[in-house]
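Tertiary structure, described
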Amino acid sequence: MTAMLLSALILIGACVRRGADQEGAELTAGDPARGRVAIVRYGCGACHAIPGVSNAKGLVGPPLSGIANRAYIGGVLGNTPDNMIEWLRNPQAVSPKTAMPNLHVSERDARDIASYLYTLK
C-alpha cells in the first residue's frame, strides 16, 4: 500500500512539474530545461538560491523561490515575461544601481532562463 501511495505521489509530482514547464515555455517562448542549464552556465547560483538548480545557494541576491508569483522584478519592473527577459539581458539599463551584473545573456538564453524562473511558484 505504501509503495502504491509513493508511486502515485511521484506521478502527481511529475505531472505538476510538466504543467509548470509547459506554462513557463508558453509565457516566454523559452525552454525551462535549457533555462536550468543556462542558469548554471551563467553562474546565477553564486548570488541566488534557486530551487531545482544544483549548488545554487548564493546569498548575495534574493532567493528566487516563488519568483513567478512576485509582483516586481528587481524591485522596479512589473513581473511580466518581457520585463523578466529585459532584466536578465541588461539589469543596469533597468536599474543603474542594481548589484546584479550584466552577464551579457543572449536573447535565447534569457527566454530559456525566464521560462525556468516562471516554473518557480
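Scroll up to find the structure.
Definitions and limits used
Residues numbered from 1 in each chain as written. Predicted model: local features only at pLDDT ≥ 70, side-chain atom pairs only at ≥ 80, totals over all residues. Heavy atoms only, no water. 1 Å grid on protein atoms, 1.4 Å probe; cavity = no way out; pocket = protein on both sides within 12 Å on 5 of 7 lines; lining within 4 Å. Points joined across faces, edges and corners; volume = space filled by probe spheres on them. Helix = DSSP H or I, 4+ residues; strand = E, 2+ residues; numbered from the N terminus. Nonpolar A, V, L, I, M, F, W, Y, C, P; charged D, E, K, R; others polar. Buried < 20%, exposed > 50% of the residue type's maximum accessible area, 1.4 Å probe, protein only. Axes fitted to C-alpha atoms, helices over the stretch in contact; angles between N-to-C directions. Parallel < 35°, antiparallel > 145°, perpendicular 65-115°, else oblique. Left-handed = near helix turned anticlockwise from the far one by under 90°. Contact = heavy atoms within 4.5 Å. Core = buried A, V, L, I, M, F, W, Y, C linked by side-chain atoms within 4.5 Å. Arc of directions from axis to C-beta. Polar contact = N/O pair within 3.5 Å; in protein donor to acceptor, adjacent residues only side chain to side chain.

Taken as a whole, the largest pocket holds about 460 Å³ of empty space. Of all the secondary structure elements, the ones that give two or more residues to the lining of the largest pocket are α2 (32-42), β1 (72-73), α3 (81-89) and α5 (107-117). At 3 residues, α3 tops the list of elements feeding residues into the lining of the largest pocket. Looking at the lining of the largest pocket, its residues break down into 20 nonpolar, 5 polar and 1 charged.

Time to look at unusual backbone geometry. Even without glycine at this site, Ala29 takes up a positive phi of about 60°. Mapped onto the elements of the fold, Ala29 is located in the loop between α1 (2-28) and α2. Ala29 sits in the exposed class, given a relative accessible area of 52%. Backbone geometry at His104 places phi at a positive 55°, although glycine is not the residue there. You can see His104 is positioned in the loop between α4 (91-94) and α5.

Interhelical geometry of α3 versus α5 gives an angle of 125° and a closest axis separation of 9 Å. Classified by the angle between their axes, α3 and α5 sit oblique to one another. Classified by chirality, the crossing of α5 by α3 is right-handed. Listed contacts from α5 to Met84, Ile85, Leu88 and Arg89 of α3 are Glu107, Ala110, Arg111, Ile113, Ala114 and Leu117. For the contact of α3 with α5, the residue count by class is 7 nonpolar, no polar and 3 charged.

A word on the nonpolar core. Note that soluble globular proteins tend to have their nonpolar side chains buried in a common cluster. If you look at the biggest cluster of nonpolar residues, it comprises 25 residues, and the most contacted ones within it are Ile39, Ile50, Met84, Leu88, Ile113, Tyr116 and Leu117. Elements represented by at least two residues in this core include exactly α2, α3 and α5.

Time to look at α2. Think of an α-helix as turning once every 3.6 residues; residues three or four places apart then point the same way. Here α2 has its buried residues at Pro32, Gly35, Ala38, Ile39 and Tyr42. Projected down its long axis, α2 shows its buried positions confined to an angular sector of 105°, all on one face. Across from the buried face of α2, at angles greater than 90 degrees, the exposed residues are Val37, Val40 and Arg41. The backbone nitrogen of Ala33 lies 2.8 Å from a side-chain oxygen of the residue at the head of α2, namely Asp31. Trailing α2 by a residue or two, Gly43 shows a phi angle of about 75°, which is positive.

In short, the description is geometric, and any link to function would need to be established separately.
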